[in-house]
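These are the residues of each chain, in order.
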Amino acid sequence: GFGASQAQLDNPHGSDLNKYLKPGAPKPEFRKSRAAEPTVEQIQGDTLTSLAKAYWAPGTRQTHQPFSSDVVDQIYNNDIKGSSFSIKRVMMLEFSQYLENFLWPNFTSTTASLSHLMSIVVIVNEKFRERVPAWTAFQLKPEQFTAFFHSALTWAVADPGEICIGEQTKLVIFLDHCFCSMEVDLVRTQVQRLVSLPMWSCLLDARREAELKAIPKWKKYWKLLQKKDAKETPENLKKLQFERTFLSAMIQKFLTVLYTVQEKECPADIVDFVERFLILIIDLEALLPTRRFFNTVLDDSHLVVKASLAPLAMRPEGRLFSQLLEQVRFYTRFEINDQTGEPLSDKDMMSVHYARMSKLQRAVFVKYPELRSLALATIASIEDRDQLVKHFLSLTRDALYDICEYLHLVPVRNEEEGCKDEYTQQFLAELVISRHEKRDSQLTELNSMPLYPTEEFIWDENLVPGEYYQGENPLALPKLNLQFLTLHDYLLRNFKLFQLESTYEIRQDIEDVVGRLKPWRAEDGSVIFQGWARMAQPLQTFTIVEVAKPNIGEKQPSRVRADVIVHLGGGKDNIRQEWENLRRHDVCFLLTLRPPMAGTDRGFLDIPADEYCQTTGLMYVRGCEVEGMLDENGRVIEEFGSEPKPKFSSGNRTFRVLLDCNQYREDMDMTSQGGEDVYSSFNLILRRKPKENNFKAVLETIRDLMNTQCVVPDWLHDIILGYGDPASAHYTNMPNAIPELNFNDTFLDFGHLRASFPGYEVRVEGEAASLPPGQLLPPFRIGFEDIKARNLKRDQPGDDSAQIPRVLTVELVKVENRGPYPKNVPKKNTVRFTPTQVEAIRSGTNPGLTMVVGPPGTGKTDVAVQIISNLYHNFPEQRTLIVTHSNQALNQLFEKIMALDVDERHLLRLGHGEEALETEKDFSRYGRVNYVLAKRIELLDEVTRLQKSLGVVGDVAYTCETARYFYLYQILSRWEEYSAKLEQDQHKTKDMIADLFPFHVFFANAPSPLFHGSTYDEYYECAQSCWRYIQDVFTQLDEFWAFELLRSGLDRTRYLCVKEAKIIAMTCTHAALKRQELVQLGFKYDNILMEESAQILEIETFIPLLLQNPQDGTNRLKRWIMIGDHHQLPPVVKNMAFEKFSNMEQSLFTRLVRLNVPTIELDAQGRSRPSICSLYNWRYKALGNLPHVLNHTDYQTANAGFSFDYQLINVPDFNGVGESQPSPFFYQNLAEAEYVVAVYMYMRLIGYDASRISILTTYNGQKSLIRDVCNARCANNPLIGLPHKIATVDKYQGQQNDFILLSLVRTYNVGHLRDVRRLVVAMSRSRLGLYVFARVSLFKNCFELQPAFNILMKRPLQLHLCPNEVTPCKRIASVTAPNPVIVYDMPMMSKFVVDFYQNKVKELKVLQARHMVARPGEIKGQETGKGASRHPGEDRDSDDEAEGKNKYEEITNEVDNEEAAEVSGENKAAQALEKVFTQGEEQAEDQQDKAEVEDEPQMETEDSSAGPHTTAGPLVFSSSQHLFNKFG
């Protein structure tokens, strides 16, 4: 058994792990992944640990020894450089706070050695690799940083003799990190000097003169610089010169190193150096501030040409090098003006190209008359590469040199030729050709690219790295950083990343399906599928039915359609349903599988990517998009058609699909050259989960955006790219800030208003000024004098010293009654907003960009809903778009919007999640259409009643149209006549109002009397409100008239979406999917509100800004409100490489925060007890508590049965085992799982509701283990049952519960909890109680987590229980319970719970329990690994078909007794229980009959056992041992 051997296994990453794996489980590739993690034994015995304890480790008892540079040298030479920079050692050093406590505090530039400097550099790089904050230590003690940085630069360009190439690689990586941390002031001031204008001193003189001549502004600067330099001291000048020429010197060094690789050997460390250097170059080129001057220097060094001619580029080891060089080449030619940062259009690029060509022609004409034909030719005839090669390759070296010299590309010739070897004929020719060849624009290339990945692309590890990427090696992927060159660059990088990331998921899906189907080849060559897969079906036939002619100017066909027939006869109904439910736009993949004859016995699980297609016989993969299912007559079935579902006579179903036209053209070109026809070979169709299958639509959307003149509003453009003043879009800086706002029902009373604007003087205007504050009732209109003053200042810039007044003027807004019925009273807001929430609401109601940071429990949704409501009432003609990440958040928003005064007909929700809305109302398009139609009938009934009440004949309430005429001719005339009569009445007698009123009969069903009040005005107001009610009926009917004219469901929904709805909600995924449709419909909106925006990928945040066509070249977007929390978890990116290397997990929200865009941070939480809040509020500026968290009884009383409201509970090894890893990244910890479940059972026994308890953990492996333990221990027990949720922390973000039990799993190293954001989410999920189970010795030393763990460790690390309490508790929260039971470890807790349970049962005399005896049979646990390993935080829940079909492992109970020397856990538990139950038991025993006792349900494990079953997997009870056992 797997379990038995586990106990003796000391190193879980040892070489012999494979023999413990289950048959068929994937073999972990520890070589790549986890070898880096040292085991506890190694750490204990390691010299590093002892040194750390002596010199710097935190939390050691004795004082540290004084600093000694020998220690640094020794560690560097033995453990860092000596171990050839082994990740394992560096991780240990970084984790032990070597940098914070030892290296940096003791660094002085004068005395520090190279090893000291290099140690710092290596640790900083390690921090970046682990993605933890790297600059904190330097910011706390910045004074040495300049000197440190300068010496790092000096060593980077030192000669090879003094420093080895590996160390210089580390310095290059360090420099790259510096350039990518431009938002850190400390770093920015250093790196800016390297890339400013003075660096042009290393250009060729002639080139520099020519460049400066083109830009007079820079020429002026250059002259000033030379004047300044003349005054500098020699040593200062030398330092300045060093900084100016630094990058140029680095490039020369790079070329020297690159050319040391000749034909013979190719050392890995050199390849590593040149790859890292190219990544540095790419990062410098891809940011405008660094690119501006550097691009010219790079061009002048001819790096791209020289590198492309280097021998390494031709060798197999140089593959990644060539891919990176391609990226450098791409950025050097990027379509941007380096000086202004303006994007260049195709036309601009063309003129640049023509200018270069004509200059070349002039050079040839002057220097080399023989080439007269070239000099006088038209540009079009010579701009292609082939033409240029023909002309130039044959020239002599000298002629080429002259031409290049004329173009300022090479130094002026000296009399003595010193540099002949450097400028070879081949090099000079390539230089001229590559500089002048015509290139396709980037867009043309992009538009001819297929969007679906094919088999070659899916399994290329250089583009789509595997799961085990740990951040240690370079990749040829684009990065998302702080700033982008142009919108085009922004979209392109996101396009590539999104494409690669989705490809990785597609690869997983295909491998999964192929592994399940187990294809093999029969004797006759046909393919037979042995297995079965839910997500794939073998094809019956595949035929291409249409290939449409290409559009003008294009080569590919404009449309390719095919029909796919699959047989869905047998099999389960729900599976057939799933296939029939394929919707329009769903993406499927067509596969050709031809397994080799021999390949049948090989498992499909663990095949390296480069051999995958060969081994499994996977020939082709092509994507397609479903257009619909065909009925038996061959027509596509309408998705939302009203006619009934068609019947099918056979099990065959035909799907009409669209193929990718670009791909089809490429494939056909291959076929015409004698290749195989791909399209006649498919034998399998694969579908994907709809949730994860939106990549094609997103890619198509991004591509469309790049092709349209995509207009971002002017006020946002620079902010999105990351330039300019970050506060420029704040409402106070917007030219159209609104000076007067009606805050509607935001304020509950006048006192609330006054408290909401601290620091403002509040003046009441109008008649209300004389009233006492108590009588001032909302709604209020507020005028902001400061905004008025600012707007004036903008229009007439005058005296700057004029004070901006901080004054508010308040007017009361008269509320008009909407009718005499109770239902006419509007709903009102009931939340008493805090001043920051009000500021957020004010900012959101004003135009501009509003960013609200909402820490856990601070009422983000309330703020969002109030902003929406205020916009709806203040700007009735504007439309607001709501975007969230999850459907769940959308539901919460909708439920709260419905509680406010927003008319239902103006709400609409798009997307597939509307089914989940937990209201009886349906806000989807179809639901809204039905609502409108039902409402129309209801209103027409009112019209009929009105008609009868007035005795008018005829069928006036037949349609909206007839009702309209009825209103004009019958109703309006009566009202006008009535009004005229009242005006003639000079005496203002109020009885006349009632007597003359024409609609008494109609309003007979209203509360009587209809007219009430004491004055004429009050009576008049009653009449008016009745008239408003009637008007409202007809206004609505007017709006609904369109629904009579539009007959089809589709037209009606479109009308709703484009015209009728004022508040439209969707998820960001839906926005990306449906952008094209929405734009074609003419969808328009003015405001966007995004919830959860720190959880949305950058590109999915950007697309919703552009769901409408620009009007007159401008975007009508006025407001963009983003609400999120960047201190909580980022978007989930499944592949580590994209997450780490490309920084893909950075949301737009987080990036804007990094760029210092002003945010409003909500500062009062209403979720957790203040004590629990202190575990995470250190992460926020000022997070206080709302009053109810202090005053409500729930928060004032303690948690029954526990001494403390939160505790960190140390969980030691059980039978020598801590964490285990049955498959890679699938971490489990049995001791913690059992402990957590035991505590849960204990809580249920004292009376907590299961719905109030959630169990969270940080890893999927542990989640499934806890689920299994729960199923075995609790599920069948009526007293206990399952907890509300068992989930991973990542999945539980955005949810909360009263009590959280949290298991942190890891015992060897901290793993991904080092990401503080995960800790913040974990600590902030509970309202009343948080109990954390972990290995304390591991987590307490973690630098990032210290603030939380320091607080946790102030309380005892063993669980303190008070078993004699029951819920609800009387004890006050601040009082700790007297003499608690102290639980030492998990076996004791388990035993305690078993005994406690039996005593409880006696007490309760639960006789019913005897009827609930479990039937004999085993309780089985689930297999731990699930096929391919997965991202540790990812959560593929139980919709995975794997769960039902696992091979179960029989696990027997093996429990070693505790050491006899100590008191055994059993005895401790017994003693503890005795205390509790002695009082109650004596009386109980006398009254009980012997027979009754015999039938007691017992909860028991084996008699001898001292605790739970020690197995690696979950437990299994043999049949003699089920939970409720009868003693006989």
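Nothing here was measured: the structure is a model prediction, and the numbers come from that model.

Asker: Got a minute to help me understand the overall build of the protein chain in this structure?
Answerer: Of the regular secondary structure elements, the protein chain holds 58 helices and 32 strands. Sequence-distant contacts, at least 24 apart, represent 78% of the contacts inside the protein chain between residues at least 6 apart. Carbon together with sulfur atoms contributes 51% to the accessible area of the protein chain, which is approximately 65,500 Å² in total.

Asker: Mind showing me how you'd approach the sheet that holds strand 16 (residues 1063-1067) here?
Answerer: What holds strands together in a sheet is hydrogen bonding between their backbones, with the strands either parallel or antiparallel. Strand order in this open sheet of seven strands is 15-16-14-17-18-13-19, and the pairing throughout is parallel. Each of the sheet's edge strands pairs with one partner strand only, and the pair in question is strand 15 (907-909) and strand 19 (1160-1161). Here strand 14 (residues 880-884) pairs with strand 17 (residues 1087-1090) via four bridges, running parallel. The partner of Val 883 across the bridge, within strand 17, is Met 1090.

Asker: Help me out: how do you make sense of the state of the cysteines in this one?
Answerer: In protein structure, a disulfide is the covalent linkage between the sulfur atoms of two cysteines. In this structure the tally under the stated criterion is zero disulfides. The thiol sulfur of Cys 1270 is not disulfide-bonded, and the nearest other cysteine sulfur, from Cys 1274, lies at 4.3 Å. What makes Cys 1270 buried here is its relative accessible area of 0%.

Asker: Looking at this model, I keep getting lost on helix 23 (residues 397-406). Mind explaining?
Answerer: A turn of α-helix holds 3.6 residues, and therefore any two residues three or four places apart point the same way. Residues of helix 23 that are buried: Arg 397, Ala 399, Leu 400, Tyr 401, Ile 403 and Cys 404. Those residues of helix 23 that are buried are in contact with helix 19 (346-367), helix 22 (385-392) and helix 24 (425-436). A positive phi of about 60° marks His 408, the residue just after helix 23.

Asker: For this particular structure, what's the right way to read the environment of Asn 824?
Answerer: In this structure, Asn 824 sits in the loop between strand 12 (807-812) and helix 35 (835-845). According to the relative accessible area criterion, Asn 824 is buried, its value standing at 13%. Separated by 205 residues in sequence, Asn 824 and Tyr 1029 have C-alpha atoms that sit 8.5 Å apart. Once you skip the residues sitting within four places of it in the chain, Asn 824 turns out to touch Arg 818, Gly 819 and Tyr 1029.

Asker: Just checking my understanding: could you explain the pairing of strand 6 (residues 618-630) for this structure?
Answerer: On any regular strand, side chains alternate: one points to one face of the sheet, the next to the other face. Of all 13 residues that make up strand 6, twelve are buried, and the element is covered over most of its length. Direction of pairing for strand 5 (residues 587-593) relative to strand 6: antiparallel, over a ladder of seven bridges. Residue pairing across strands places Leu 591 opposite Val 621, the latter belonging to strand 6. Direction of pairing for strand 6 relative to strand 7 (residues 652-659): antiparallel, over a ladder of six bridges. Opposite Met 629, over in strand 7, you have Phe 655 as the bridge partner.

Asker: Explanation requested: the side chain of Glu 1044 in the structure shown.
Answerer: Take Glu 1044: it is sitting in helix 41 (residues 1016-1045). Overall, Glu 1044 belongs to the buried group, its relative accessible area being 13%. Side-chain polar atoms of Glu 1044 contact the side chain of Arg 936, separated by 2.8 Å. Setting aside chain neighbours within four positions, we find Glu 1044 in contact with Arg 936, Thr 959, Cys 960 and Glu 961.

Asker: Would you mind showing me how to read the sheet that holds strand 12 here?
Answerer: Sheet architecture is open: four strands sit in the order 9-11-12-10, paired in mixed fashion. Strands with a single pairing partner mark the edges of an open sheet, and in this sheet they are strand 9 (740-742) and strand 10 (761-764). Ignoring strand direction, the axes of neighbouring strands in this sheet form an average angle of 25°. Looking at chain direction, strand 11 (residues 780-784) and strand 12 are connected through five bridges and run antiparallel. For Phe 780, the partnering residue across the bridge sits in strand 12 and is Leu 812.

Asker: I would appreciate a short explanation of the side chain of Thr 701 in the present structure.
Answerer: For Thr 701, the location among the structural elements is in helix 31 (residues 695-707). The class for Thr 701 is buried, based on a relative accessible area of 4%. If we ignore the near neighbours within four places in the chain, the residues touching Thr 701 are Ala 1072, Arg 1075 and Ile 1103.

Asker: Would you explain helix 18 (residues 319-332) in this entry?
Answerer: The end-to-end C-alpha distance of helix 18, which contains 14 residues, comes to 20 Å, matching closely the 20 Å that a straight helix rising 1.5 Å per residue would cover. Those residues of helix 18 that sit buried are Leu 320, Phe 321, Gln 323, Leu 324, Leu 325, Gln 327, Val 328 and Tyr 331. The secondary structure elements touched by the buried residues of helix 18 are helix 14 (234-258), helix 15 (268-285), helix 16 (288-301), helix 17 (303-308) and helix 27 (487-517).

Asker: How should I be thinking about the packing of helix 31 against helix 43 (residues 1068-1081) in this particular structure?
Answerer: For any two helices packed against each other, the geometry is given by the interaxial angle and the distance between the axes. For the pair helix 31 and helix 43, interaxial distance at closest approach is 8 Å and the crossing angle is 50°. Classified by the angle between their axes, helix 31 and helix 43 sit oblique to one another. Considering how the two elements wind past one another, helix 31 and helix 43 form a crossing that is left-handed. On the side of helix 31, the interface is formed by Ala 697, Val 698, Glu 700, Thr 701, Asp 704 and Leu 705, while helix 43 contributes Ala 1072, Leu 1073, Arg 1075 and Gln 1076. Residue composition of the contact of helix 31 with helix 43, grouped by class: five nonpolar, two polar and three charged.

Asker: Can you walk me through a nonpolar patch on the surface in this structure?
Answerer: A cluster of nonpolar side chains, Phe 365, Val 366 and Leu 376, forms an exposed patch at the surface whose accessible area comes to about 310 Å². By the element assignment, Val 366 lies in helix 19.

Asker: Just checking my understanding: could you explain empty space enclosed by the protein for this structure?
Answerer: Empty pockets left among the atoms are what a rolling probe the size of a water molecule brings to light. Taken as a whole, this structure holds 16 cavities of 30 Å³ or more when the rule is applied. Quantified by volume, the second largest cavity comes out at close to 160 Å³. If you go around the second largest cavity, you meet 16 residues; those closest to its centre are Ile 282, Asp 283, Ala 286, Pro 478 and Lys 479. Every element with two or more residues in the lining of the second largest cavity is listed here: helix 15 and helix 18. The residue makeup of the lining of the second largest cavity, split by class, is eleven nonpolar, two polar and three charged.

Asker: Help me out: how do you make sense of the packing of aromatic side chains in this one?
Answerer: For any pair of aromatic rings, the description consists of the separation of the ring centres together with the inter-plane angle of the planes. Using the criterion set out here, one finds 75 aromatic pairs in the structure. Of note, Lys 141 hangs over the ring of Trp 104, and the distance from its end group to the ring centre comes to 5.9 Å. Directly above the aromatic system of Trp 579 lies the positively charged group of Arg 687, at a separation of 4.9 Å from the ring centroid.

Asker: Please clarify how the nonpolar core should be interpreted in this entry.
Answerer: General note: in soluble globular proteins, nonpolar side chains tend to be found buried as a group. In this structure, Leu 849, Phe 999, Phe 1102 and Trp 1120 are the most contacted members of the largest nonpolar core, which totals 253 residues. The leading source of residues in this core is helix 27, at 14 residues. Not counting chain neighbours up to four residues away, the residues in contact with Phe 1102 comprise Leu 487, Tyr 490, Leu 491, Leu 705, Val 712 and Ile 720. Core analysis: the next-biggest nonpolar cluster, separate from the first, contains 53 residues, Leu 1230, Tyr 1242, Met 1388 and Val 1393 among them.

Each value, and the rule that gives it
Residues numbered from 1 in each chain as written. Predicted model: local features only at pLDDT ≥ 70, side-chain atom pairs only at ≥ 80, totals over all residues. Heavy atoms only, no water. Helix = DSSP H or I, 4+ residues; strand = E, 2+ residues; numbered from the N terminus. Contact = heavy atoms within 4.5 Å. Areas by Shrake-Rupley, 256 points an atom, 1.4 Å probe, with all protein chains shown as cover. Pairing = 2+ DSSP bridges. Disulfide = S-S within 2.5 Å. Buried < 20%, exposed > 50% of the residue type's maximum accessible area, 1.4 Å probe, protein only. Polar contact = N/O pair within 3.5 Å; in protein donor to acceptor, adjacent residues only side chain to side chain. Axes fitted to C-alpha atoms, helices over the stretch in contact; angles between N-to-C directions. Expected span 1.5 Å × (residues − 1). Parallel < 35°, antiparallel > 145°, perpendicular 65-115°, else oblique. Left-handed = near helix turned anticlockwise from the far one by under 90°. Nonpolar A, V, L, I, M, F, W, Y, C, P; charged D, E, K, R; others polar. Patch = residues over 30% accessible without salt bridge, like charges linked within 9 Å, V, L, I, M, F, W, Y side chains within 5 Å. Salt bridge = Lys/Arg side-chain N within 4 Å of Asp/Glu carboxyl O. 1 Å grid on protein atoms, 1.4 Å probe; cavity = no way out; pocket = protein on both sides within 12 Å on 5 of 7 lines; lining within 4 Å. Points joined across faces, edges and corners; volume = space filled by probe spheres on them. Phe/Tyr/Trp six-rings, centres within 6.5 Å; stacked < 30°, edge-to-face > 60°. Lys NZ or Arg CZ within 6 Å of the ring centre and 35° of its normal. Core = buried A, V, L, I, M, F, W, Y, C linked by side-chain atoms within 4.5 Å.

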